[in-house]
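Chain by chain, the residues run as shown.
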Amino acid sequence: MTNDQPIKRIAIFGSTGSIGTQALDVIEANPDKFSAEILTAQSNDELLVQQALKFNPNIVVIGDEKKYQKVKEALSSTDVKVFSGVKALEEVAAMDCYDLMLAGIVGYAGLRPTLKAITSGKPVALANKETLVVAGDIIMRKAVEYRVPVIPVDSEHSAIFQCLVGETRNRIEKVILTASGGPFIGKKPNYLVNVKREHALQHPNWSMGAKITIDSATLMNKGLEMIEAKWLFNLKPEQIQVVIHPQSIIHSMVQFEDGSIKAQMGLPDMKLPIQYALAFPKRIPNNFPRYDFKKVSSLSFEEPDVKTFRNLQLAQDALQKGGNLPCVMNAANEIAVFAFLRNRINFLDMTNVIEKTMEKVPFIEQPTLEEYFESDGEARNFAADIIKL
Ligand code: NDP
Ligand code: MG
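Residues numbered from 1 in each chain as written. Chains lettered and ligands numbered in written order. Predicted model: local features only at pLDDT ≥ 70, side-chain atom pairs only at ≥ 80, totals over all residues. Heavy atoms only, no water.

Student: Explain the overall build of the chain residue by residue, including any values.
Tutor: In terms of regular secondary structure, the chain is built from 16 helices and 11 strands. Over its C-alpha atoms the chain spans a radius of gyration of 20 Å, differing by no more than 12% from the 21 Å that the globule rule assigns to 389 residues. Its C-alpha atoms give the chain principal-axis dimensions of about 55 × 50 × 40 Å. Looking at the 389 residues of the chain, the share that counts as buried comes to 55%. The long-range fraction of contacts in the chain, counting pairs at least 24 apart against all pairs at least 6 apart in sequence, stands at 67%. When the accessible surface of the chain is summed, it comes to about 17,500 Å², and 51% of that surface belongs to carbon and sulfur atoms. Looking at charge distribution, the chain has the averaged site of its 44 positive side-chain charges lying 2 Å from that of its 46 negative ones. (Helix = DSSP H or I, 4+ residues; strand = E, 2+ residues; numbered from the N terminus. Rg over C-alpha atoms; globule rule 2.2 N^0.38 Å. Buried < 20%, exposed > 50% of the residue type's maximum accessible area, 1.4 Å probe, protein only. Contact = heavy atoms within 4.5 Å. Areas by Shrake-Rupley, 256 points an atom, 1.4 Å probe, with all protein chains shown as cover. Lys, Arg positive; Asp, Glu negative; His and termini not counted. Charge placed at Lys NZ, Arg CZ, Asp CG, Glu CD.)

So, in structure tokens, the structure goes:
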């Protein structure tokens, strides 16, 4: 980006989350390149107001309608427009006033606003992987139809995306997604059954929101990422491999037809893939800490233990079978993680809830968008019934 290029106006959906706040750090460090045009939160009105006072966006949306009045009053001395409710997220996503959506809402809730951005012709920097897990075929088809780029933010997919620069004419043999293994690497079921939420929330390498941190501990996160990779890079299931790499320095790799493997490396810091997605296709300088080859003695790799971490096996089954199964799995997982975070079920119960829900909800080979919504609802109800939520 040269100095005479206009400032890119960013709509941060989920601005109060881990991804959202780090995106605001990137924007703050580059005021000549980016502005925060839209900020949204679900219930954290205080942080949303603080962000609005600091970044002076055009619009804020608070999902929880009970908090609308509070936000409105807190911003009454500014010209920030305040909206509220689920519908407002979609309405705002369709507005003309921004150039790029950063999709940083967690879970299924991110799907509709992201889809709306795409069908409004807005490029999307996608952190919200659940959107692609639920309805990846429709999302990617719409992106082609509306000619909008979907730029990955997830570190593994950003790595693959970066490895593919300059390779448009070359076929991918396979991609290798790296996984840290989470806090319970090497543990067996007799240990995992007693794991408490506080322990599961301690990720060794990354600091993230609660849901994805639990997904990383169960390895469901890597399963979601396999499905995300399938849609982003148009891959067959057998072209996607997972390898455990506890140091989280190699963020993922692409192997080409000649056997050559390209990797993208760096310290584990989400600000880098966020900044890359916001500034794409340009790299911009920053002062993030650099990886030092003298300090880390070895990089290691091992097979994931899918017999212990069965969520990864379930996700691979869903990836293979396709249809509405990834959507059903995702819904059951969201309910299971919610229940685990509230100490309603134990660590291994999460897998049982997901497995039973996947067996129960009728399979649809080529769902419409409406059928995805229905499958999501059915799976949530069924999973909640098992847990007696
Ligand atoms: P957080 O839980 O930290 O933040 C989620 C954001 O979404 C918050 O702004 C939250 O608002 C908002 N939100 C929550 N529920 C709803 C809802 N029902 N409707 C609208 N908005 C809602 O999550 P993360 O930032 O960790 O993750 C965001 C997404 O990015 C996830 O899909 C995750 O898988 C993906 N991702 C995250 C990474 C990370 O390092 N954190 C890495 C790679 C991918 P409020 O604060 O008010 O609750
Ligand atoms: Mg990731």
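Past the structure itself, the notes keep going.
Student: Lay out the sheet that holds strand S3 (residues 59-62) with the relevant residues and their values.
Tutor: The strand order across the open sheet formed by seven strands is S4-S3-S2-S1-S5-S6-S7, and the pairing between neighbours is parallel. For this open sheet the edge positions go to strand S4 (81-84) and strand S7 (150-152), each flanked by a neighbour on one side alone. In this sheet, neighbouring strand axes are inclined to one another by 25° on average, regardless of whether the strands run parallel or antiparallel. As paired strands, strand S1 (residues 8-13) and strand S2 (residues 34-41) are joined by six bridges and run parallel to one another. When the bridges of S2 are listed, Lys8 appears paired with Phe34. Against the sheet, helix H1 (residues 18-29) makes contact with S1, S2 and strand S5 (100-103), and its axis sits at roughly 160° relative to S2, the strand it touches most. (Pairing = 2+ DSSP bridges. Axes fitted to C-alpha atoms, helices over the stretch in contact; angles between N-to-C directions.)

Student: Can you explain the packing of helix H10 (residues 210-218) against helix H14 (residues 325-341)? Please cite residues and give values.
Tutor: How two helices pack is summed up by the angle between their axes together with the distance between the axes. Running from N to C, H10 and H14 cross one another at 100°; their axes reach a closest spacing of 10 Å. With respect to H14, the axis of H10 lies roughly perpendicular. Between H10, through Ala210, Lys211, Ile214 and Asp215, and H14, the contact on the second element is made entirely by Asn330, Asn333, Glu334, Val337, Phe340 and Leu341. Residues belonging to the contact of H10 with H14 are distributed by class as follows: five nonpolar, two polar and three charged. (Parallel < 35°, antiparallel > 145°, perpendicular 65-115°, else oblique. Nonpolar A, V, L, I, M, F, W, Y, C, P; charged D, E, K, R; others polar.)

Student: Pulling in residues and values, what's your account of the pattern of salt bridges?
Tutor: The tally for this structure, following the rule as stated, stands at 24 salt bridges. The shortest N-O distance in the salt bridge between Lys66 and Asp64 comes to 3.6 Å. When its relative accessible area of 18% is taken as the criterion, Asp64 is described as buried. Two residues, Glu156 and Lys222, come together in a salt bridge whose shortest N-O distance is 2.7 Å. Here Glu156, found in helix H7 (residues 155-163), pairs with Lys222, found in helix H11 (residues 220-233); they are 66 residues apart in sequence, far enough to count as distant. On the basis of relative accessible area, Lys222 is assigned to the buried category, the value being 6%. (Salt bridge = Lys/Arg side-chain N within 4 Å of Asp/Glu carboxyl O.)

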